[in-house]
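Report on the structure
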Amino acid sequence: MTSLELTPDTSHLIPIRDLIAQQRYDAAEELLDQHLATAPNDAGSLACQAEIHMARQNRLAAAHCLAKAVLAAPTDHTYKKQFQRCAGSLDLKQPDDLLCAALLDCLACPELPSLAGCEPLWFSLLRLRPDFVRLFRSLTQRKFIFFPPAALSLDRNLATLTDPLFQLGLHKIAICWLPFEQFVTAVRRGLLSALTSGNSKAVSSASVLKLWAAIAAYTFRAGYIMDETADERLEIDKLAHLATSSPERVTPTMLVALASYQGLAPLPNIAALVVQFQDDVIVTDVIAAQQRDALLVSQARARVLPLVAATDDKTSQAVRQQYEASPYPSWQHLEDFNYIFLPEERKLLTRSDVTALVAGCGTGMESSLLSRAFPHLPILAIDLSASSLAYALAKADQLSLTNINYRQADILKLSSLLETFDYIHSFGVLHHMQEPERGLESLVQRLKPGGILDLGLYSSRARRAVTSARQAVARYGYQPDLNNMRRFRKCCSRYLSRADYVSLVTWYDYFFLDMYRDLVFHAHEDQFDLPRVQSALKAFGLEFAGFKLPPDILAQYQAMFPTDMSALNLDNWHQFEQRHPDTFAECYKFIC
């Protein structure tokens, strides 16, 4: 397992760390026991103890040590981040007050805006609370049928719904599981019913306002993809009309309820509402969260350099139009994502004389990850969509990344650029072209001899369910707007085989509007298999240099093909994928 990062050296930890580095864990533990006997709340010693437990494959014991460190040093966020990495994946089978206390501390910490990876721990702690389980089961069902009828009694369930673990988690954690989405949607529907019927708690309770704010944070992050009934829409339209025509009659609860169904930023009088509610911290935070990115992107739009050689390809024009209307992906925190660098890449990118091109950078997530990993590296990042580039520029400003130059350009027109590059990254781009191989040829022409091309291409084998869904969208005439996407999500179980439907609703992308549009409603998608990848590489004189896969997948492959320990035989990988069809669910990620 990966070693935990330790906090800065202190004199008493130096010999312990030396012993851990030498894998002399018994001797290190003996010293730690001596220190902890006199200072049981020493966070540095507890972190070292966690390191030893991890080395011994005891994640739960390591998590307990880090939980103690979190609580012992509440202002040192290093321990919170270590706890998040170590404990987040635990699926508990019995209540654990220590882990719950540490997780609550992390959830309440403004310096940890996201707790991605902590979904199993959070939800397992909730599942171990009898009142939560009772309410969850009453509002959901196990079958994969969208929207069972359910009614929420606010008075009877208020304590469960205002539990800090549940509320704080909604702000920072997403559970990509259809029954949980149904649960959140049913809670929202019940709260709205209580509010519009004049329930005193729903109208004036401070705890209910906090619950509305948590639901608004959750639904806003999801792009409001959750379904709503006609009655709900009628009441929300009334609230929206009231907010614009008679804002003085709008209460904090009304405005935050509105924010849980639709964005507040487009309201024509949003500036006046900001002033009206400036003394209400909860409302102010909700508005700020919804406005922040929109304002930054709007300011950055003027800095997008004009298109280098306008595209004349109809497919590229359609794709550009999609991303102008809906920049993808919307993202908040780099910590939520991993960028795997193979040894060959690190060796190249750590040099001081190399340059990089990110071709099809979208909203800048990958270029930002590359920039943060190699801050000395000059990066040119291009995309067709000015809206996506504005988002990328805003994020670069937010993160103080200064080594990225964003430009609007078409991959098929890269011949108009004079530069060539040592490293070219193009992930999830070529398969959205009418002729992906033409795009690959254009990239190869910009690659310096001896350079590295880092590619991501969709696998037809892994995207069987996606293909079925896309075919159904085309067959039944669904359009790529919010209402049509909601309708298709609600009805698609009737169009797809059970196997394809169950597979589709397990995709992470299914639960976020921008990702769902890209998954099922994209303007164009041309998938690959490994023989086609191999043929394309051969056509342009490229040599396959390895997939980016988790170690357990590589170990499976090597067990199946022990004579190819370097894992570079694409014919073998093709056989492997036939046996393990979900291996490349995200895409073929490889370098050449």
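Please refer to the structure higher up on the page.
None of the values given here were measured: they were computed from a predicted structure.

**A word on the sheet that holds strand β4 (residues 421-427)**
Taken in spatial order, the 7 strands make up an open sheet running β3-β2-β1-β4-β5-β7-β6, and their pairing is mixed. Lying at the two open borders of the sheet, with one neighbouring strand each, are β3 (404-408) and β6 (546-547). Along the sheet, helix α21 (residues 386-398) makes contact with β2 (379-383) and β3, crossing β3 at roughly 165°.

**Brief notes about helix α17 (residues 281-301)**
The α-helix advances 3.6 residues per turn, and as a result positions three or four apart in sequence lie on the same side. Taking 1.5 Å of rise per residue, 21 residues should cover 30 Å, and α17 covers 30 Å from first to last C-alpha, within 8% of that figure. By the largest-angle criterion, Q291 marks the main kink of α17, which is about 35°. Here α17 has its buried residues at V283, V286, I287, Q290, Q291, D293, V297 and A300. For α17, the N-terminal capping position is held by D280, with its side-chain oxygen 3.1 Å away from the main-chain nitrogen of I282.

**Digging into the packing of aromatic side chains**
By the definition in use, this model includes 37 aromatic pairs. Taking 5.1 Å as the distance between ring centres and 45° as the angle between the ring planes, the aromatic pair formed by F136 and F183 counts as tilted. Here F183 lies in helix α11 (residues 178-196) and F136 lies in helix α8 (residues 130-139), a separation of 47 residues in the sequence. The class for F136 is buried, based on a relative accessible area of 9%. Measuring from centroid to centroid gives 5.3 Å for Y510 and F511, while their planes differ by 70°, and the two rings are edge-to-face. Taking relative accessible area as the criterion, Y510 reaches 0% and is therefore assigned buried. For F511, a relative accessible area of 5% corresponds to the buried category.

**Digging into the pairing of β2**
With 5 of 5 residues buried, β2 is to be regarded as a mostly interior element. Residues I379, A381 and D383 point to one face of β2 and L380 and I382 to the other, with burial holding for every one of them. With 4 bridges joining them, strand β1 (residues 356-359) and β2 adopt parallel strand pairing. Looking at the pairing, A359 lines up with I382 of β2. In this structure, β2 lies alongside β3, joined through 5 bridges in parallel fashion.

**As for the packing of helix α1 (residues 14-21) against helix α3 (residues 43-55)**
Contact geometry for α1 and α3: axes closest at 11 Å, N-to-C directions at 10°. One way to sum up the angle between α1 and α3 is to call them roughly parallel. Seen from α1, the contacting residues are I16, R17 and I20; seen from α3, they are C48, E51 and I52. A per-class count over the contact of α1 with α3 returns 4 nonpolar, no polar and 2 charged.

**So, the pairing of β1**
Neither face of β1 is open: one carries A356 and V358, the other L357 and A359, and all of them are buried. Following the backbone out of β1, through helix α20 (residues 365-373) and into the adjacent parallel β2, one traces a crossover that is right-handed. As defined by bridge partners, β1 adjoins β4 across 3 bridges and the pair is classed as parallel. Within the sheet, the bridge partner assigned to A356 lies in β4 and is Y423.

Calculation notes
Counting of residues starts from 1 at the beginning of each chain's written sequence and follows it residue by residue. Reporting of local features is limited, given that this is a predicted model, to residues whose pLDDT is at least 70; pairs of side-chain atoms are given and counted only at 80 or more, and all residues count toward the totals for whole chains, interfaces and linings. Heavy atoms from the whole structure form the basis of all side-chain values; hydrogens and water molecules are not counted. DSSP bridges decide pairing: two strands pair if at least two such bridges lie between them. Secondary structure elements follow DSSP: runs of H or I of four or more residues count as helices, runs of E of two or more count as strands, with numbering from the N terminus. Throughout, a residue-residue contact means that at least one pair of heavy atoms, one from each residue, lies within 4.5 Å. To obtain an axis, a line is fitted to C-alpha atoms, over the contacting stretch when the element is a helix, and the angle between two such axes runs from 0 to 180 degrees between their N-to-C directions. Multiplying one less than the number of residues by 1.5 Å gives the expected span of a helix. Two axes define the bend at a residue: one fitted to the seven residues ending there, one fitted to the seven starting there, and the bend is the angle between them. Summary of the burial criterion: residues with accessible area below 20% of their type's maximum are buried, those above 50% are exposed, and those between are partly exposed, where the area comes from a 1.4 Å probe applied to protein chains only. Whenever two N or O atoms come within 3.5 Å, that pair is a polar contact, provided that in protein one can donate a hydrogen and the other can accept it, and provided that, for residues adjacent in sequence, both atoms are side-chain atoms. Classification of ring pairs uses Phe, Tyr and Trp, with its six-membered ring standing for Trp, and accepts pairs whose centres are within 6.5 Å; under 30 degrees between planes counts as stacked, over 60 as edge-to-face, and the remaining range as tilted. Just so you know how the angles are binned, under 35 degrees is roughly parallel, over 145 roughly antiparallel, 65 to 115 roughly perpendicular, and the rest oblique. For this classification, the nonpolar set comprises Ala, Val, Leu, Ile, Met, Phe, Trp, Tyr, Cys and Pro, the charged set comprises Asp, Glu, Lys and Arg, and every other residue, Gly included, is treated as polar. Whether a crossover is right-handed comes down to one check: with the strands pointing away from the viewer, does the path from the first strand over the helix to the second run clockwise; if it does, it is right-handed.

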